[in-house]
Amino acid sequence: MTRVTTADLDRLEFRAVQSGDHGEVAREFLELANRVDADSEISRAELFVRAGEQWEMAQEFERASSAYQRAIDDGGTTIIDARALLAGALLELDLLDSAYAQLDRMDTEGPRNLPTYIHIAEILHAHGDLEGAHGWATLGARRFQHQDVTPYVHELMTELLRTRFRIRMDLGLDEDALDRSLDG
């Protein structure tokens, strides 16, 4: 069994960026996930997610989908909900019904964090679903606007509001109260 730290993740991801061999790093993440200790700093599910992200960078969306599904099946904690990541990979594969089914399940249960709302808004925006992207960004902003504001949460909320603003501009919508909160 192996313990995995954030430093290990950083090292692997840096190597992927340097070498451009995202597939090899994805395989390493999968190997780590299969060997990780239960009390490791990084969860098995997060390692599956990191593998999926590397597969996406390698344009291997089926493999990314598989890694994200393993993270979902594992049930461990991840920074971005693996279901949102799976939806994005499915959109890349043009499996729209499956992608939106993932998003519908998440809508019913409610994503648990801002990074997930940001990811969903961005993937829908990138795939031309401006209405869907706007809906998710608005839902996330409203859900988290009155949370205790740590510097980290403030930074994420600003990112979500900026994403939402860009989407609103693309939709040709007028500025609203959430847009104006970016100025404050």
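Remember, it's a predicted structure, so these values are computed and weren't measured experimentally.

Draft legend 1. Structural context of the layout of surface pockets. Approximately 250 Å³ is the volume attributed to the largest pocket. In terms of lining residues, the largest pocket is bounded by 14 residues, among which His 154, Met 157, Thr 158, Leu 161 and Ser 181 are the most central. Element by element, the count of residues in the lining of the largest pocket is highest for helix α9 (residues 151–171), at five residues. In terms of residue class, the lining of the largest pocket is built from eight nonpolar, six polar and no charged.

Draft legend 2. Spatial organisation of the environment of Thr 6. Mapped onto the fold, Thr 6 is located in helix α1 (residues 6–19). Classification of Thr 6 by relative accessible area gives partly exposed; the value is 41%. As for Thr 6 and Glu 41, which are separated by 35 residues in sequence, their C-alpha atoms are 7.4 Å apart. Ignoring sequence-local partners within four residues, the contact set of Thr 6 consists of Glu 41 and Ile 42.

Draft legend 3. The arrangement of the pattern of salt bridges in detail. With the rule as written, the count across this model stands at 14 salt bridges. A salt bridge links Arg 3 to Asp 39; its shortest N-O distance comes to 3.3 Å. Residue Arg 3 is found in the segment before α1, and its partner Asp 39 is found in the loop between α2 (22–35) and α3 (44–57); the two are separated by 36 residues along the sequence. Here Glu 109 makes a salt bridge to Arg 83, at a shortest N to O gap of 2.5 Å. Of this pair, Glu 109 sits in helix α6 (residues 96–109) while Arg 83 sits in helix α5 (residues 82–92), and the two are 26 residues apart along the sequence. Among the residues examined, Arg 83 registers a relative accessible area of 14% and is labelled buried. One connected set of salt bridges, linked through shared partners, spans Asp 81, Arg 83, Glu 109 and Arg 112.

Draft legend 4. Focus on the packing of aromatic side chains. Taken as a whole and assessed by the stated rule, the structure comprises two aromatic pairs. Considering the side-chain rings of Tyr 117 and Trp 136, the 5.9 Å spacing of their centres and the 50 degrees angle between planes classify their relative orientation as tilted. A residue pair is termed long-range when its members are at least 10 positions apart, and Tyr 117 in helix α7 (residues 114–126) and Trp 136 in helix α8 (residues 130–144) qualify at 19 residues. On the basis of relative accessibility, which here comes to 10%, the residue Trp 136 falls in the buried class. Look at Tyr 117 and Phe 144: their rings are 6.0 Å apart centre to centre, the planes differ by 70 degrees, and that puts the pair in the edge-to-face class. Note that Tyr 117 is positioned in helix α7 and Phe 144 in helix α8, a separation of 27 residues in sequence. Residue classification places Tyr 117 among the buried residues on the basis of a relative accessible area of 2%. Take Phe 144: its relative accessible area is 13%, and that puts it in the buried class.

Rules used throughout
Residues numbered from 1 in each chain as written. Predicted model: local features only at pLDDT ≥ 70, side-chain atom pairs only at ≥ 80, totals over all residues. Heavy atoms only, no water. 1 Å grid on protein atoms, 1.4 Å probe; cavity = no way out; pocket = protein on both sides within 12 Å on 5 of 7 lines; lining within 4 Å. Points joined across faces, edges and corners; volume = space filled by probe spheres on them. Helix = DSSP H or I, 4+ residues; strand = E, 2+ residues; numbered from the N terminus. Nonpolar A, V, L, I, M, F, W, Y, C, P; charged D, E, K, R; others polar. Buried < 20%, exposed > 50% of the residue type's maximum accessible area, 1.4 Å probe, protein only. Contact = heavy atoms within 4.5 Å. Salt bridge = Lys/Arg side-chain N within 4 Å of Asp/Glu carboxyl O. Phe/Tyr/Trp six-rings, centres within 6.5 Å; stacked < 30°, edge-to-face > 60°.

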